[in-house]
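The residues making up each chain are set out below.
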Amino acid sequence: QMQLVESGGGLVRTGDSLRLSCVMSGRTFSLYAMGWFRQAPGKEREFVAAITQRGGRTDYGDSVKGRFTISRDNAKNTVYLQMNSLKPEDTAVYYCAADGPSYSINYPSSRPEDYDYFGRGTQVTVSS
């Protein structure tokens, strides 16, 4: 049974940085494209970033382009989200998600319905 466990959230100030981590267990991590989504109170789940199985392609939501970076370490079964220049509007619960298993995901999806597994999330709060 797959488990996705996020960590690294917290309370920070505008302009600060955070790095989120998500560890997968129970499945072969390298067969899954991975994504990050977020959800603020009263809002729909929003695509943040995604990465293909070997990290060859990435995609970002418009609101985080140039500030956030997704990466992965297949040896550690971990996907990361480096978040720089944080803003109050980045406040949300951040979820990692897994799409697969597959050998042939050529471009990471931005649609949450394409992901089969989600973690429980980690809270990020950015104060002004």
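Residues numbered from 1 in each chain as written. Predicted model: local features only at pLDDT ≥ 70, side-chain atom pairs only at ≥ 80, totals over all residues. Heavy atoms only, no water.

It is worth spelling out the state of the cysteines at this point. Within the structure shown, the criterion is met by one disulfide. One disulfide bridge connects Cys 22 with Cys 96, the sulfur atoms lying 1.9 Å from each other. Of the two residues, Cys 22 is situated in strand S3 (residues 18-25) and Cys 96 in strand S9 (residues 92-99); the sequence distance between them amounts to 74 residues. Taken individually, Cys 22 and Cys 96 each receive the classification buried, so the pair is uniform in this respect. (Disulfide = S-S within 2.5 Å. Helix = DSSP H or I, 4+ residues; strand = E, 2+ residues; numbered from the N terminus. Buried < 20%, exposed > 50% of the residue type's maximum accessible area, 1.4 Å probe, protein only.)

Another point: the pattern of salt bridges. Enumeration according to the criterion identifies six salt bridges in this entry. One salt bridge connects Arg 38 with Asp 90, and the closest N-O pair in it is separated by 2.9 Å. Of this pair, Arg 38 sits in strand S4 (residues 33-39) while Asp 90 is found in the loop between strand S8 (78-83) and S9, placing the two residues 52 residues apart along the sequence. Asp 90 carries the same exposure label as Arg 38, and that label is buried. The partner of Glu 113 in a salt bridge is Arg 111, and the shortest N-O contact between them spans 3.7 Å. The network of salt bridges with shared partners includes Arg 38, Glu 46, Arg 67 and Asp 90. (Salt bridge = Lys/Arg side-chain N within 4 Å of Asp/Glu carboxyl O.)

As a volume, the largest pocket reaches approximately 160 Å³. In terms of lining, the largest pocket is formed by Ser 30, Leu 31, Thr 52, Gln 53, Arg 54, Gly 55, Gly 56, Ser 102, Tyr 103, Ser 104 and Ile 105. Of the residues in the lining of the largest pocket, the class split is three nonpolar, seven polar and one charged. (1 Å grid on protein atoms, 1.4 Å probe; cavity = no way out; pocket = protein on both sides within 12 Å on 5 of 7 lines; lining within 4 Å. Points joined across faces, edges and corners; volume = space filled by probe spheres on them. Nonpolar A, V, L, I, M, F, W, Y, C, P; charged D, E, K, R; others polar.)

What the four strands build is an open sheet, ordered S1-S3-S8-S7; its pairing is antiparallel. Looking at the sheet topology across the chains shown, the edges are occupied by strand S1 (3-7) and strand S7 (68-73). Adjacent strand axes in the sheet meet at a mean angle of 15° when their direction is disregarded. When S3 meets S8, the two strands line up antiparallel, connected through six bridges. Counted as the bridge partner of Val 23 is Thr 78 from S8. (Pairing = 2+ DSSP bridges. Axes fitted to C-alpha atoms, helices over the stretch in contact; angles between N-to-C directions.)

This part takes up the side chain of Asp 99. Here Asp 99 is to be found in strand S9. Here Asp 99 occupies a buried position and makes no salt bridge, while the nearest side chain of opposite charge, Arg 111, is found at 8.8 Å. Other than its neighbours up to four places away in sequence, Asp 99 contacts Leu 31, Tyr 32, Ala 33, Ile 105, Ser 109, Asp 114, Tyr 115 and Asp 116. (Lys, Arg positive; Asp, Glu negative; His and termini not counted. Contact = heavy atoms within 4.5 Å.)

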